[in-house]
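Coordinate inspection notes
What follows is the residue order along each chain.
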Amino acid sequence: MERSKNMGNKFHFWILVSIVAISGLSQGMLLPLIAIIFEQDGLSSSMNGFHATGLYIGILLASPLMEGPLRRFGYKPIILTGGFVVVLSLALFPIWKSFWFWFILRFLIGIGDHMLHFGTQTWITSASPKDRLGRNIALYGLFFGLGFTLGPLLTRLLEVSEALPFIISSAISLTAWLLVWVLKNEFPEKDLETGSFFGTMKRFGKVFKYAWVAFLPPFGYGFLEASLNGNFPVYALRNGIEIGAVAIILPAFAAGSIVFQLPLGILSDRFGRKRVLPAVMLAGFICFTAAAMLQDSVIGLLICFFVAGMLVGSTYSLGISFMADLLPRPLLPAGNLMVSIFFSLGSISGPLIGGLAIQHLKGAGFFYVISTMLLLIFFALISFRPALTAKESSTA
């Protein structure tokens, strides 16, 4: 197929994953940066957690509206529009420091980032051959993880100026946005149904019927990522861990995901996502249970976060690949949207539940909330039986 050949073009593919890396940088910076700023200003942990949901509310509300424009205009305009919204919003943060103004900017970044990720993610899953799908999506996750790892390091710039991290991330995002212009626009594979809102809703029903379990790992990853980056800085500061240590512990999770993202993707191509995903979820449960027992040790938390990142840091990309295994290609745009919806639901509930856990539960309740969530997803994965194969569902 022409699209598969185009995805074989290394230049084309590497531009897409480079864009994702820069997006990861801005997201990785934004969560802990604003959490630290608000904590230093005396904002409660629950309100701090609520503020972190702004980005994911934007993703959630925009998701049902994305498929129609993608089918009509193609991948490139969607990515360009999303990138522009992110660049502009990041640049506006230093203009006015206000709880609700910053919430609106986070909301807009959520919409922009979602457009960017939906475009790149669907482009890669639609164009990748089946035997390289896990590898390509793993690289997608790997580059996002690289950016996300570097993001929290920008919090150190707070010592220079509160505005400086926002300005630098906006400038870097602008550079990535300019790269998109060299790509040739393409369109997703056509479906017999319309690209309207109601057509999208109908496809959502089909997608959920055949692939609901594939959306739980992205939900878990969103819950984990947002609660770690939005709540853990607050939890750490209240337990006597310094900002410098937080800036090292947090990137350890993303660094761990970088180490094992590609190997897990290749292993999932060889042994199947159905086998690999339950194993990493169970291992993640063990890691965060250990983190609860080592909550007062910086070295212990650093090791737990790194090992957990190696294992559950790939669950978002593995979930995308699992979804693509279960669905025919015409349903992939709707499937990718549902991945984003479940990721957003996890990302919204993570900081809210994490903030309440910090505020009302004593000791290591924050870590036990995360480990319990991972254990529940493990049980769902091992109990799943496909309703139909992707080939059968395409004719259903």
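Here's a quick rundown of the structure. (Residues numbered from 1 in each chain as written. Predicted model: local features only at pLDDT ≥ 70, side-chain atom pairs only at ≥ 80, totals over all residues. Heavy atoms only, no water.)

Brief notes about the side chain of Asn 336
We apply this condition: Strands are runs of DSSP state E lasting at least two residues, helices are runs of H or I lasting at least four, and both sets are numbered from the N terminus onward. For every residue, the accessible area obtained with a 1.4 Å probe (protein chains only) is divided by the maximum for its type, and the residue is called buried under 20%, exposed over 50%, and partly exposed between those limits. It only takes one pair of heavy atoms within 4.5 Å for two residues to be counted as in contact.
By the element assignment, Asn 336 lies in helix 17 (residues 332-360). A relative accessible area of 0% places Asn 336 in the buried class. Setting aside its immediate chain neighbours within four residues, Asn 336 contacts Phe 118, Gln 121, Thr 122, Thr 125, Ile 320 and Met 323.

Side note on a nonpolar patch on the surface
This is how the line gets drawn: Patches draw on residues past 30% relative accessible area with no salt bridge. Two like charges within 9 Å are joined, as are two nonpolar side chains (Val, Leu, Ile, Met, Phe, Trp, Tyr) within 5 Å. All accessible areas in this document rest on Shrake-Rupley with a 1.4 Å probe, and a residue is counted as covered only by the protein chains that are shown. Salt bridges are defined by distance alone: a side-chain nitrogen of Lys or Arg within 4 Å of a carboxyl oxygen of Asp or Glu.
Together, Phe 84, Leu 88, Leu 92, Ile 95 and Trp 96 make up a nonpolar patch on the protein surface, roughly 540 Å² of accessible area in all. With respect to the helices and strands, Phe 84 occurs in helix 6 (residues 75-92).

Let's talk about the pattern of salt bridges
Per the stated rule, a full pass over the model turns up six salt bridges. With its nearest N and O atoms 2.7 Å apart, the salt bridge here joins Lys 97 to Asp 41. Separated by 56 residues along the polypeptide, Lys 97 in the loop between helix 6 and helix 7 (99-127) and Asp 41 in the loop between helix 2 (10-40) and helix 3 (45-52) bring together distant segments of the chain. When its relative accessible area of 40% is taken as the criterion, Lys 97 is described as partly exposed. The exposure class of Asp 41 is partly exposed, given its relative accessible area of 47%. Between Asp 269 and Arg 273 there is a salt bridge; the shortest N-O distance is 2.9 Å. You can call Asp 269 partly exposed: its relative accessible area is 27%. Judged by relative accessible area, which is 5%, Arg 273 ranks as buried. Linked through salt bridges whose partners overlap, the residues forming this network are Asp 41, Lys 97 and Glu 162.

Quick word on the state of the cysteines
One way to say it: the disulfide is the covalent bond shared by the sulfur atoms of two cysteines. Short version of the rule: Note that a disulfide, as used here, is simply two cysteine sulfur atoms within 2.5 Å.
According to the stated counting rule, one finds zero disulfides in the structure shown. Take Cys 287: it sits in no disulfide, and the sulfur closest to it among the cysteines is that of Cys 304, at 6.5 Å. The exposure class assigned to Cys 287 is buried, which follows from its relative accessible area of 11%.

Observations concerning helix 3
Counted only if it meets this: Note that the arc is computed from the directions linking the helix axis to the C-beta atoms. The term polar contact refers here to a pair of N or O atoms within 3.5 Å; inside protein, the definition further demands a hydrogen-donor-capable atom paired with an acceptor-capable atom, and it admits residues adjacent in sequence only when both atoms are side-chain atoms.
Taken together, the buried positions of helix 3 are Ser 45, Asn 48, Gly 49, His 51 and Ala 52. Buried residues along helix 3 cover an arc of 155 degrees about the axis, so they all sit on one side. Against helix 2, helix 4 (54-62), helix 7, helix 12 (232-238) and helix 17 lie the buried residues of helix 3. Where helix 3 begins, the side chain of Ser 44 points an oxygen toward the backbone nitrogen of Met 47, at a separation of 3.2 Å.

A closer look at the environment of Gln 121
Residue position: Gln 121 is located in helix 7. Residue classification places Gln 121 among the buried residues on the basis of a relative accessible area of 0%. Measuring from C-alpha to C-alpha, the distance between Gln 121 and Val 20 comes to 9.2 Å, with 101 residues separating the pair along the chain. When neighbours within four sequence positions are excluded, Gln 121 is seen to be in contact with Tyr 140, Tyr 316, Ile 320, Asn 336 and Val 339. Separated by 2.8 Å, the side chains of Gln 121 and Tyr 316 make a polar contact.

Structural notes on the packing of helix 7 against helix 17
The cut-off we apply is this: To obtain each axis, a line is fitted to C-alpha atoms, and for helices this fit is confined to the stretch in contact; angles are then taken between N-to-C directions over 0 to 180 degrees. Note that the term roughly parallel is reserved for angles under 35 degrees, roughly antiparallel for angles over 145, roughly perpendicular for angles of 65 to 115, and oblique for everything else. For a crossing to be left-handed, the near helix must be turned anticlockwise from the far one by less than a right angle; the clockwise case is right-handed. Residue type decides the class: Asp, Glu, Lys and Arg count as charged, Ala, Val, Leu, Ile, Met, Phe, Trp, Tyr, Cys and Pro as nonpolar, and the leftover types, Gly among them, as polar.
Running from N to C, helix 7 and helix 17 cross one another at 135 degrees; their axes reach a closest spacing of 10 Å. Considered as vectors, helix 7 and helix 17 are oriented oblique to each other. The two elements helix 7 and helix 17 cross, and the hand of that crossing is right-handed. Packed against helix 7, whose contacting residues are His 114, Phe 118, Gln 121, Thr 122, Thr 125 and Ser 126, the element helix 17 presents Leu 332, Pro 333, Asn 336, Leu 337, Val 339 and Ser 340 at the interface. Taken together, the residues that form the contact of helix 7 with helix 17 break down as five nonpolar, seven polar and no charged.

Section: the side chain of Ser 268
You can see Ser 268 is positioned in helix 13 (residues 243-271). Residue classification places Ser 268 among the buried residues on the basis of a relative accessible area of 2%. Beyond its immediate sequence surroundings of up to four residues, Ser 268 is in contact with Gly 134, Arg 273, Val 276 and Leu 318.

Overview of the packing of helix 17 against helix 18 (residues 365-383)
Axis separation between helix 17 and helix 18 bottoms out at 8 Å; the angle between their running directions is 145 degrees. Of the two possible hands of crossing, helix 17 and helix 18 adopt the one that is right-handed. Packed against helix 17, whose contacting residues are Ile 353, Gly 354, Ala 357 and Ile 358, the element helix 18 presents Gly 365, Phe 366 and Val 369 at the interface. Looking at the contact of helix 17 with helix 18 residue by residue, the classes come out as five nonpolar, two polar and no charged.

What about the packing of aromatic side chains?
What counts is decided by this rule: Each aromatic pair joins two rings of Phe, Tyr and Trp (for Trp, the six-membered one) with centres within 6.5 Å, and gets the label stacked for planes under 30 degrees apart, edge-to-face for over 60, and tilted for any other angle.
Taken as a whole and judged by the stated rule, the model has 33 aromatic pairs. Seen in terms of ring centroids, Phe 93 and Trp 102 are 5.3 Å apart; in terms of plane orientation they differ by 70 degrees. Their pairing is edge-to-face. One exposure class covers both Phe 93 and Trp 102, and it is buried. Measuring from ring centre to ring centre gives 5.7 Å for Trp 177 and Trp 181, while their planes differ by 90 degrees; the resulting arrangement is edge-to-face. Connected via pairs of aromatic rings, a cluster forms that spans Phe 38, Phe 50, Phe 93, Phe 99, Trp 100, Trp 102, Phe 103 and Phe 166.

Functional significance is not addressed by these values, which are geometric in nature.
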